[in-house]
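# Close look at the chain arrangement
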Protein chains: 2
Amino acid sequence: MSESSADVEGLVAGILDGEHRALARAITTIENREDGYRDLVSALHAHTGNAAVIGVTGSPGAGKSTLVDKLAKAYREAGLTVGVIAVDPSSPYSGGAVLGDRIRMASNVGDMDVFFRSMSARGQLGGLSTATADAITALDAFGKDRIIVETVGAGQNEVDVVRTADSVVVLVQPGSGDDVQMLKAGILEIGDVFVVNKADMDGAATTVTDLREMLHLDGAAGHHGHDTLEAEESDDGADTDDWDPPVLETVATEGTGVDALVDTLDDHYTYLRSTGELAQRERTRYAEEIRQLLRADAADLVETELDRHGGMEAVVDDVLSRETDPYTVADRILDPLAECVERRRE
Amino acid sequence: MSESSADVEGLVAGILDGEHRALARAITTIENREDGYRDLVSALHAHTGNAAVIGVTGSPGAGKSTLVDKLAKAYREAGLTVGVIAVDPSSPYSGGAVLGDRIRMASNVGDMDVFFRSMSARGQLGGLSTATADAITALDAFGKDRIIVETVGAGQNEVDVVRTADSVVVLVQPGSGDDVQMLKAGILEIGDVFVVNKADMDGAATTVTDLREMLHLDGAAGHHGHDTLEAEESDDGADTDDWDPPVLETVATEGTGVDALVDTLDDHYTYLRSTGELAQRERTRYAEEIRQLLRADAADLVETELDRHGGMEAVVDDVLSRETDPYTVADRILDPLAECVERRRE
């Protein structure tokens, strides 16, 4: 299952030495699932655990790219290094163009300590989440202080990708009727910080009010309230130390509100650390990643076994002719595997 | 993997003898995944292949139950036997009450040749589709001429359940703004026949027009046009023999339009048979069912192996302490299985 490739060691050494070229090459290897990517990610894992991961999602047109650029710039000015991963599950092969755009933007920031990279959807279900997690591993091992994962849209795939971040920022465009859509995609539940961008537009105030109402906030603006409020949406019980997701306002094109967002994200990270929630999120993230890998690998095994029985077409023929039935087919294919497992246990 | 239970033979014999009590007991065994359900479904499969399966879906309140009752009554009056499965994925344990209601309604129809049964969601992902397919197997083997699968709502789970039917009927309530919701759930793509129920309500005509527009119909009412229209939504190419989903109007409470629906469903079944689409749908249905079973069984195997390694908690601990990493964990758990497969091949 683990193929070795000649340059895994070289890539790891390059990344630990801070070479951006090695980092770029490693992420390409990861994104394309090239030979050796598993060994590469395995080797890098030991050097991770220092970056704060920020997920940014929201519907197209809400201004995510602009806000992420300004956020990266603010972190750089504070002396931190930043990696940005732009994830686009909907357009599998548009990666190149998007990457080109983002690299130009990166150069506006003035130096290569902001590392932009776009990831596109390859392979099957769950593949994008796994590939993104692996890219985060590479950026973390490289030593980036902040890693921003930005999604193009806000569909289910994208929600799955960002919800494993330490802090999830949900961007909303004023008066866009986004509210209902967001509820549908289950985005309200995953947001740690909400940002109404383009706050100088008509209807911004209404959107802020609507959002706060939906989040059961009592109108306290721009900060989370560690008070008597019950955070009913929170995942982790009714503790009064629960994080109440604040609703911020920004005008990303002018940089307005970006410093407040940086402060809020710092507060959230402090909260995560002090409550043990950070470790809990890390546990959940790794458990999901492992289960995802096991499922994908088991599916490969099953496919191999199915081929040994002539493939799906042949098997369906027998079911259609009533020579056999779906359950007997499943038993015939998987019983030998189950027996292997049994035998080894004895 | 296959447990035997004492009454499997008895249940099969009873079903083939036309005993409703055996049928009811069999479906309970299937729904609850009791010991022996796999052997039961395996044994029944050989006696299937004679029923036409009709899926009925649509948002809550559209009048599905009433229409299904009237449809069942119409089939009975035409001398056909009918089985009805009501599927409710959202409320796992409300089965009893729903079943009680439906059995009362069944008695209105006047005899037990309409067999009502509600299925609720048990177990994990895909379990409901599999259980519904198994219940269809039981009703088909029993000799029912028509099997109607009715969903409570129109979410993704419910779409997955009905889309394997031979004919899919989508119910729409006039002026309910259902249009957008339906598009979201991917329901427009799976409908073979659309029914605007409560056609005496305000806005019914508009809903019919809107639906026809969305389906790229040219305004021909109440029947499918085997003409020069390109059926862009169809799954199977641009053949002029393609089925153009018609939009019918009913007032289910008064039985209005039910006969036209029966005729349209007969037409659709004839179309499915004459074009070979029926066999194709059966192939797809069995392939999906087999893949679902293989996945579920493989997941069980993986879980067993994971337990042998101390369970997920222990494994995550090692990943968190950087002693190991997700890929190494996945390899350690699945490589032995992969080696088993290899060894048997030699």
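Everything discussed here concerns the structure shown above.
Residues numbered from 1 in each chain as written. Chains lettered and ligands numbered in written order. Predicted model: local features only at pLDDT ≥ 70, side-chain atom pairs only at ≥ 80, totals over all residues. Heavy atoms only, no water.

### Points about the overall build of chain A
A tally of helices and strands in chain A yields 14 helices and seven strands. For chain A, with 346 residues in total, the buried portion stands at 52%. Considering only intrachain contacts with a sequence separation of at least 6, the fraction spanning at least 24 residues in chain A is 75%. Split by element, the accessible area of chain A, about 14800 Å² in all, is 49% carbon and sulfur. (Helix = DSSP H or I, 4+ residues; strand = E, 2+ residues; numbered from the N terminus. Buried < 20%, exposed > 50% of the residue type's maximum accessible area, 1.4 Å probe, protein only. Contact = heavy atoms within 4.5 Å. Areas by Shrake-Rupley, 256 points an atom, 1.4 Å probe, with all protein chains shown as cover.)

### A closer look at helix α1 (residues 8-16) of chain A
Residues and elements named next belong to chain A. All of the buried residues in α1 are Val-8, Leu-11, Val-12, Gly-14 and Ile-15. All buried residues of α1 lie within an arc of 165° about the axis, which places them on one face of the element. Following α1 by one or two positions, Gly-18 has its phi on the positive side, about 80°. (Arc of directions from axis to C-beta.)

### Thoughts on the pattern of salt bridges
One side chain can pair with another of opposite charge once the charged atoms of both are near each other. Applying the stated criterion to the full structure yields 30 salt bridges over all chains. In this structure, the salt-bridge partner of A:Arg38 is A:Asp297, at a minimum N-O distance of 3.0 Å. Of this pair, A:Arg38 sits in helix α3 (residues 37-45) while A:Asp297 sits in helix α12 (residues 277-308), and the two are 259 residues apart along the sequence. Using a relative accessible area of 7% as the deciding quantity, one classes A:Arg38 as buried. A:Arg322 is paired through a salt bridge with B:Glu282; the nearest N and O atoms lie 3.4 Å apart. Here the residue A:Arg322 occupies a position in the loop between α13 (311-320) and α14 (326-345), and B:Glu282 occupies one in helix α12 (residues 277-308), the pair thus bridging two chains. Salt bridges sharing common partners tie together A:Arg38, A:Asp297 and B:Asp331. (Salt bridge = Lys/Arg side-chain N within 4 Å of Asp/Glu carboxyl O.)

### Quick notes on the side chain of B:Arg281
All names here are of chain B. Mapped onto the fold, Arg-281 is located in helix α12. Looking at Arg-281, its side chain comes within polar contact range of the side chain of Asp-192, at 3.0 Å. Apart from residues no more than four positions distant in its own chain, Arg-281 is found in contact with Ala-165, Asp-166, Ser-167, Asp-192, His-268 and Leu-272. (Polar contact = N/O pair within 3.5 Å; in protein donor to acceptor, adjacent residues only side chain to side chain.)

### Quick look at the pairing of strand β1 (residues 52-58) of chain B
Residue and element names in this part refer to chain B. Across the seven residues of β1, seven count as buried, placing the element largely inside the fold. What you see with β1 is no split at all: Ala-52, Ile-54, Val-56 and Gly-58 on one side and Val-53, Gly-55 and Thr-57 on the other are buried throughout. Relative to strand β4 (residues 146-151), β1 is paired through five bridges, and the arrangement is parallel. Note on β4: the bridge partner recorded for Val-56 is Glu-150. Two elements, β1 and strand β5 (residues 167-172), share five bridges in a ladder whose sense is parallel. From the neighbouring strand, Gly-58 faces β5, where its bridge partner is Leu-171. (Pairing = 2+ DSSP bridges.)

### Here we look at the packing of aromatic side chains
Following the criterion strictly, the structure yields four aromatic pairs over all chains and no others. When the centroid spacing of 5.7 Å and the interplanar angle of 90° are considered together, the rings of A:Tyr37 and B:Tyr327 count as edge-to-face. Taken as a pair, A:Tyr37 in helix α3 and B:Tyr327 in helix α14 (residues 326-345) lie in two separate chains rather than in one. (Phe/Tyr/Trp six-rings, centres within 6.5 Å; stacked < 30°, edge-to-face > 60°.)

### Notes on the packing of α13(A) against α12(B)
Put simply, α13(A) and α12(B) touch, their axes get as near as 10 Å, and they point 110° apart. Judged by the angle between their axes, α13(A) and α12(B) are roughly perpendicular. Between α13(A) and α12(B) lies a crossing of right-handed hand. Counting all contacts with α13(A), which are made through A:Met312, A:Glu313, A:Val315, A:Val316, A:Asp317, A:Val319 and A:Leu320, the residues of α12(B) involved are B:Glu282, B:Arg283, B:Tyr286, B:Ala287, B:Ile290 and B:Arg291. (Axes fitted to C-alpha atoms, helices over the stretch in contact; angles between N-to-C directions. Parallel < 35°, antiparallel > 145°, perpendicular 65-115°, else oblique. Left-handed = near helix turned anticlockwise from the far one by under 90°.)

### Examining the relation of the copies chain B and chain A
With an axial shift of 0.0 Å and an RMSD of 0.0 Å, the rotation relating chain B to chain A amounts to 180°. What the rotation and shift describe, once combined, is the action of a two-fold rotation axis. Counting the interface residues of chain B, we find that 100% of their copies in chain A are interface residues as well, pointing to one common contact surface. (Least-squares fit on C-alpha atoms with pLDDT ≥ 70 in both.)

### Notes on the environment of A:Asp17
Topologically, A:Asp17 is positioned in the loop between α1 and α2 (20-31). Between the C-alpha atom of A:Asp17 and that of A:Gly143, which follows or precedes it by 126 residues, the distance is 9.7 Å.

### What to know about the packing of helix α11 (residues 258-275) of chain A against α12(A)
Residues and elements named next belong to chain A. Axis separation between α11 and α12 bottoms out at 5 Å; the angle between their running directions is 85°. Relative to α12, the element α11 lies roughly perpendicular. Side by side, α11 and α12 meet where His-268, Tyr-269, Leu-272, Arg-273 and Thr-275 of the first sit next to Glu-277, Leu-278 and Arg-281 of the second. Partitioned by chemical class, the residues of the contact of α11 with α12 number three nonpolar, two polar and three charged. (Nonpolar A, V, L, I, M, F, W, Y, C, P; charged D, E, K, R; others polar.)

### Examining the pairing of β4(B)
Of all six residues that make up β4(B), six are buried, and the element is covered over most of its length. Side-chain alternation along β4(B) places B:Arg146, B:Ile148 and B:Glu150 on one buried face and B:Ile147, B:Val149 and B:Thr151 on a second face that is also buried.

### A look at the interface of chain B and chain A
Between chain B and chain A, the residue contacts involve 59 residues of the former and 59 residues of the latter. Summing both partners gives a buried area of about 5600 Å² for chain B against chain A, and 64% of it is carried by carbon and sulfur. Inspection of the chain B/chain A interface yields ten salt bridges. Between B:Arg283 and A:Asp317 there is a salt bridge, and its shortest N-O distance comes to 2.8 Å. (Buried area = accessible area lost by both parts, 1.4 Å probe.)

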